[in-house]
Amino acid sequence: MGAMGYDNVPDNSPVRENFQMIRDQAQRSAGLTRQLLAFARRQVLQPRSVNLSDLISKIAGLLKTAIGEQSELKIALAPSLLSNHG
């Protein structure tokens, strides 16, 4: 699914990367909202396996942007760190 701004900038543009980050955050927010609504309704969610290293790497990218260039963020991850669900 394309987004108007995302599709109108060149592939190598830093602006395109910003649009991608916005899209990723919107998807994470939607997932969190679903979980909160399910909790409020006392629904049972289907657990699923996630690669925690991938998830932490994505969050680290957002944190690096948030903390700025004057700070350094170092994260050491296991090559294949999976959750126990599923």
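Parameters and conventions
- Residues numbered from 1 in each chain as written.
- Predicted model: local features only at pLDDT ≥ 70, side-chain atom pairs only at ≥ 80, totals over all residues.
- Heavy atoms only, no water.
- Helix = DSSP H or I, 4+ residues; strand = E, 2+ residues; numbered from the N terminus.
- Buried < 20%, exposed > 50% of the residue type's maximum accessible area, 1.4 Å probe, protein only.
- Contact = heavy atoms within 4.5 Å.
- Areas by Shrake-Rupley, 256 points an atom, 1.4 Å probe, with all protein chains shown as cover.
- Salt bridge = Lys/Arg side-chain N within 4 Å of Asp/Glu carboxyl O.
- Axes fitted to C-alpha atoms, helices over the stretch in contact; angles between N-to-C directions.
- Parallel < 35°, antiparallel > 145°, perpendicular 65-115°, else oblique.
- Left-handed = near helix turned anticlockwise from the far one by under 90°.
- Nonpolar A, V, L, I, M, F, W, Y, C, P; charged D, E, K, R; others polar.
- pLDDT = per-residue confidence, 0-100.
- Expected span 1.5 Å × (residues − 1).

(A) Here's a closer look at the overall build of the protein. Within the protein, the regular secondary structure consists of 3 helices and 0 strands. Scanning the protein from its N terminus toward the C terminus, one meets helices and strands in the order α-α-α. Looking at the protein as a whole, 10% of its 86 residues qualify as buried. Across the protein, contacts joining residues at least 24 apart in sequence account for 49% of those joining residues at least 6 apart. About 7,400 Å² of surface is accessible on the protein, with carbon and sulfur atoms providing 57% of the total.

(B) Summary view of the pattern of salt bridges. Counted according to the given criterion, the structure contains 1 salt bridge. Here Lys 74 ties to Glu 72 by a salt bridge, and the two come within 3.8 Å at their closest N and O atoms.

(C) Structural context of the packing of helix α2 (residues 14-41) against helix α3 (residues 52-67). Two numbers describe how α2 lies on α3: the axes approach to 12 Å, and their chain directions differ by 120°. One element, α2, and the other, α3, form an angle in the oblique class. Crossing handedness for the pair α2 and α3: left-handed. Residue-level inspection shows Met 21, Gln 25 and Arg 28 of α2 in contact with α3, the latter providing Lys 58, Leu 62 and Thr 65. When its residues are assigned to classes, the contact of α2 with α3 shows 2 nonpolar, 2 polar and 2 charged.

(D) Structural view of the confidence of the model for the protein. The predicted model of the protein averages 76 in pLDDT, with 79% of residues at 70 or higher. Confidence scores differ between elements of the protein, with helix α1 (residues 4-7) showing the lowest mean pLDDT of 67 and α2 the highest of 83.

(E) Local environment of α3. Between its first and last C-alpha atoms α3 spans 22 Å; for 16 residues at 1.5 Å apiece the expected length is 22 Å, and the two agree. Following α3 by one or two positions, Gly 68 has its phi on the positive side, about 85°.

(F) Spatial organisation of α2. Spanning 28 residues, α2 covers 41 Å between terminal C-alpha atoms, matching the ideal 40 Å at 1.5 Å per step. What α2 keeps buried is the set Arg 16, Gly 31 and Ala 38. Backbone geometry just downstream of α2 places Arg 42 in the positive-phi region, at approximately 60°.

(G) View of the environment of Phe 19. Note on placement: Phe 19 falls in helix α2. It is 9.4 Å that separates the C-alpha atoms of Phe 19 and Asp 7, two residues lying 12 residues apart in sequence.

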